[in-house]
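Fold and geometry: a report
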Amino acid sequence: MKLSPFLKSSTPRRAVCGVLAVWIVAAGCGDDPFAIRWSENPDSVFLYSLARPELNLVSGFNFQNRIPITVEDPTATGSWDVAVDTRDGRIVLLPPGALGIASRAGIAELEGTTFQEVEEAPQDTAAYTSSDPVQVRMGNVYVIRTNESLGGFGRRCVYYYKLEPLEIDPERGTLRFVFDGSPVCNDFRLIPPD
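Along every chain, residues carry numbers that run from 1 in the direction the sequence is written. Only residues with pLDDT of 70 or above have their local features reported here, since the model is predicted, and side-chain atom pairs are shown and tallied only from 80 upward, although totals for entire chains, interfaces and linings are computed over all residues. Hydrogens and water are ignored here; the side-chain numbers use all heavy atoms of the structure.

Turning our attention to the environment of E119. Working definition: helices are DSSP H or I runs of at least four residues, strands are E runs of at least two. Numbering for both runs from the N terminus. Mapping E119 onto the fold places it in the loop between strand 6 (106-110) and strand 7 (134-135). Exposure remark for E119: the relative accessible area of 45% places this residue in the partly exposed category. Between the alpha carbons of E119 and R189 there is a distance of 6.2 Å; along the sequence they are 70 residues apart. Note on definitions: a residue-residue contact is assigned when non-hydrogen atoms from the two residues lie within 4.5 Å. Those residues in contact with E119 that sit more than four places away from it in its chain are F188, R189, L190 and I191. When a residue's accessible area, from a 1.4 Å probe over protein chains only, is under 20% of the maximum for its type it is buried; when over 50% it is exposed; and in between it is partly exposed.

Below is the structure:
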């Protein structure tokens, strides 16, 4: 069965018009059709210090993918945002730059606040250290700026997460923390918009 030239040419036009109509209606109702809908999703992770004598323990963490990383793995370079280490008998967080790895990842320490109170990442780039160890202390919250990655529409993106230590054990060389953050490219908000 042959389609008439009218049907052949109008079908793509109808589809485009339909998509445009839906977009216009959504935009008219105040909804951004490109907005990423997300909700709070706190989770916890347990990591080992790089100073432990055993090899191939998970010491690094990739916040965007929410996975622990074995930093010693040759394929791990560039895949983790922070690693745990022990310096002068204290547990510290290391951004990749502290180990000589080029990265945009950084750590900001917020003293005397709680996990729930931190709703936005610091916008001042000077608040983040990207080449020095940061001691982990109970009662503080740490904001992580992830390494840069390719986001939607070809944009270069960093993501922001917050973490609060739940258990710091320098003797055993371990750290357990709760974390959460935004899946939105270059967005400083750490809680979902209303």
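All right, on to the pattern of salt bridges then. In what follows, salt bridge is the name for a side-chain nitrogen of Lys or Arg lying within 4 Å of a carboxyl oxygen of Asp or Glu. Applying the stated criterion across every chain, the model contains 10 salt bridges. A salt bridge links R87 to D85; its shortest N-O distance comes to 3.0 Å. Residue classification places R87 among the partly exposed positions, given a relative accessible area of 32%. We note a salt bridge from E109 to R137, for which the minimum N-O separation is 3.3 Å. Here E109 is found in strand 6, whereas its partner R137 is found in the loop between strand 7 and strand 8 (141-145), with 28 residues between them in sequence. Given the relative accessible area of 27%, E109 is considered partly exposed. When its relative accessible area of 35% is taken as the criterion, R137 is described as partly exposed. What you see here is one network of salt bridges that share partners, running through E167, D169, R172 and R176.

With that settled, consider the sheet that holds strand 5 (residues 90-94). By definition, two strands form a pair when at least two bridges between them are found by DSSP. Taking strand neighbours across the sheet as the criterion, the 5 strands line up as 3-2-4-5-7 in an open arrangement whose pairing is antiparallel. Here the strands that pair on one side only, and so sit at the sheet edges, are strand 3 (67-69) and strand 7. Across 5 bridges, the pairing between strand 4 (residues 82-87) and strand 5 is antiparallel. Bridge assignment links V84 to a residue of strand 5, and that residue is L93.

Turning our attention to the sheet that holds strand 12 (residues 174-181). One open sheet holds the 5 strands; their spatial order is 1-12-11-8-6, and the pairing between them is antiparallel. On the outer flanks of this sheet lie strand 1 (43-48) and strand 6, each paired with one strand and no other. Averaged over all pairs of adjacent strands, the angle between strand axes in this sheet comes to 30 degrees, irrespective of strand direction. Of the pairings in the sheet, the one linking strand 8 to strand 11 (residues 160-169) comprises 4 bridges and is antiparallel in character. What sits directly across from R145, in strand 11, is Y160. Throughout, an axis means a line fitted to C-alpha atoms (over the contacting stretch in the case of helices), and angles, computed between N-to-C directions, take values from 0 to 180 degrees.

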